[in-house]
Protein chains: 2
Amino acid sequence: MDIRTLCLGVLTLHDSTGYEIKKMCQEGALCHFLEASFGSIYPALNKMCEEGLVTFRSESQEKRPDKKIYSITDKGRDVFQKSLLIDPLEDKYRSDFLFISLFAHLLDKEHMKRLIDQQIEYYRQRVKELKRSMSETQSPGAQFVSGFGEVTTKTIIDYLEQQRDLIEQASCLNNETEDA
Amino acid sequence: MDIRTLCLGVLTLHDSTGYEIKKMCQEGALCHFLEASFGSIYPALNKMCEEGLVTFRSESQEKRPDKKIYSITDKGRDVFQKSLLIDPLEDKYRSDFLFISLFAHLLDKEHMKRLIDQQIEYYRQRVKELKRSMSETQSPGAQFVSGFGEVTTKTIIDYLEQQRDLIEQASCLNNETEDA
DNA sequence: GTACCATATATCGAAGTGATATATACTTCA
DNA sequence: TGAAGTATATATCACTTCGATATATGGTAC
């Protein structure tokens, strides 16, 4: 799924500026699986404008740069509809945290605990965010995606808490053994 | 976490060829969060060789291209150890499937069910793979990472099965209503 | 008052993917 | 029997995308 398709998808939901598309990828119920940078969004919108998949109207703002509000065209909707039918690529989960964890034996136990705590904190924030945005009225698709995010996030938090406790217990046992 | 660090990490576990590093990213317990292409692995190994972080010995094979078996140097270990201490980037989950699901209202109900079934099948394979590789002796770090993969994958399967049933029921109800 | 954040667009170097090339042997299937 | 596909192995290249930076301005936090 390339950035062009991502932009078209957002524009089927409502007109947006490039800036707003980027924000959608960072916050709200969808942030956990969408991603795009300005460096790809703006060129994609410009290119699709030339190709007639989107149009824009400029809105001048006082003391701010002009907004370019993009809308999807009929041609754009056709292209988007077709791209939804392409076989989806495999899901991927990328995690520096898991990579580092693989080498836990090279790290201080306290450092590992701190990493897990950070991770737990981060995922708790995400659950809050998801709950907040799920309470807003959403399409069945968005409900499905948010629900997916919620159950996976909760599972991760449970797993991390449980593993953190195991490390804690192990180090207590170690201390007792050393004391004895 | 860049590809250089990924390669160094693998090489702290055992000497490898570029081809073997790539395979590690595709199968086994680690495949669910590691990723790298040949186009990044080979240049990274070459560069790090120049910089003295890795060395290699050539092994000529009958009727096959020579193997370049890479080993990490002490300097390489130092660099790797330090890169483990860098603050991990946020985890990201990228999914064409979830993106498409967001636009379920634009798709045929049967198409959606087929997509979910494919997804369930794919994750079932992953659980099998994870179980198989977890039974092999592994470091605590690898156990932790595999466990993470297992609980999240199982949660996803449960969620998808449950949602699939809901769609099924909804369409039954629709049919009855239409019949009435 | 100074640093930082939010709004808004845009560009650019660096990193990485996915496809392809090259070479060879084994397996699968019609 | 032969064609297609898979597996081993390295390498390169066009293209996509990221992350940082530039530009402009006002509000907020400390």
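The structure we're discussing is the one just above.
Notes on the structure in this doc start here. This one's a predicted model, so the numbers in the text were calculated from it and none came from an experiment.

Conventions adopted
Residues numbered from 1 in each chain as written. Chains lettered and ligands numbered in written order. Predicted model: local features only at pLDDT ≥ 70, side-chain atom pairs only at ≥ 80, totals over all residues. Heavy atoms only, no water. Helix = DSSP H or I, 4+ residues; strand = E, 2+ residues; numbered from the N terminus. Buried < 20%, exposed > 50% of the residue type's maximum accessible area, 1.4 Å probe, protein only. Phe/Tyr/Trp six-rings, centres within 6.5 Å; stacked < 30°, edge-to-face > 60°. 1 Å grid on protein atoms, 1.4 Å probe; cavity = no way out; pocket = protein on both sides within 12 Å on 5 of 7 lines; lining within 4 Å. Points joined across faces, edges and corners; volume = space filled by probe spheres on them. Nonpolar A, V, L, I, M, F, W, Y, C, P; charged D, E, K, R; others polar. Contact = heavy atoms within 4.5 Å. Buried area = accessible area lost by both parts, 1.4 Å probe. Salt bridge = Lys/Arg side-chain N within 4 Å of Asp/Glu carboxyl O.

Let us now look at the overall build of chain A. When helices and strands are counted, chain A shows seven helices and three strands. The secondary structure elements of chain A, listed N-terminal to C-terminal, are α-α-α-β-β-α-β-α-α-α. Structurally, chain A occupies a C-alpha span of about 75 × 40 × 30 Å along its principal axes. The burial tally for chain A puts 47% of its 180 residues in the buried class.

On to the packing of aromatic side chains. Considering all chains together, one arrives at 23 aromatic pairs over all chains under this definition. Here the aromatic rings of Tyr93(A) and Phe148(B) are separated by 5.8 Å at their centres, their planes lie at 35 degrees, and the arrangement is tilted. Separated into two different chains, Tyr93(A) in strand S3 (residues 92-94) and Phe148(B) in helix H7 (residues 140-179) make up a pair that spans both. Each member of the pair, Tyr93(A) together with Phe148(B), is buried. Relative to Tyr42(B), the ring of Phe38(B) lies with its centre 5.6 Å away and its plane at 20 degrees, an arrangement referred to as stacked. Taken together, the residues span about one helical turn, with Phe38(B) and Tyr42(B) both in helix H3 (residues 38-50) at a distance of four residues.

Turning our attention to empty space enclosed by the protein. As enumerated under the stated definition, the model contains one cavity of 30 Å³ or more in all. Lining the largest cavity are 18 residues, and of these Tyr93(A), Thr152(A), Ile156(A), Tyr93(B) and Thr152(B) sit closest to its centre. For the lining of the largest cavity, the secondary structure elements donating two or more residues are helix H6 (109-134) and helix H7 (140-179) of chain A together with helix H6 (109-135) and H7 of chain B. A breakdown of the residues in the lining of the largest cavity according to their chemical character gives eight nonpolar, eight polar and two charged.

This next bit is on the interface of chain A and chain B. Reports of interface size often rely on the accessible area that becomes lost once the parts have come together. Each partner contributes residues to the interface: chain A has 59 residues there, and chain B has 59 residues. Carbon and sulfur atoms make up 68% of the area that chain A and chain B hide from each other, which totals about 5900 Å². Taken together, the links from chain A to chain B amount to four salt bridges. Ionic pairing is found between Lys92(B) and Glu35(A), a salt bridge with its closest N-O pair at 3.6 Å.

Structural measurements only, silent on function.
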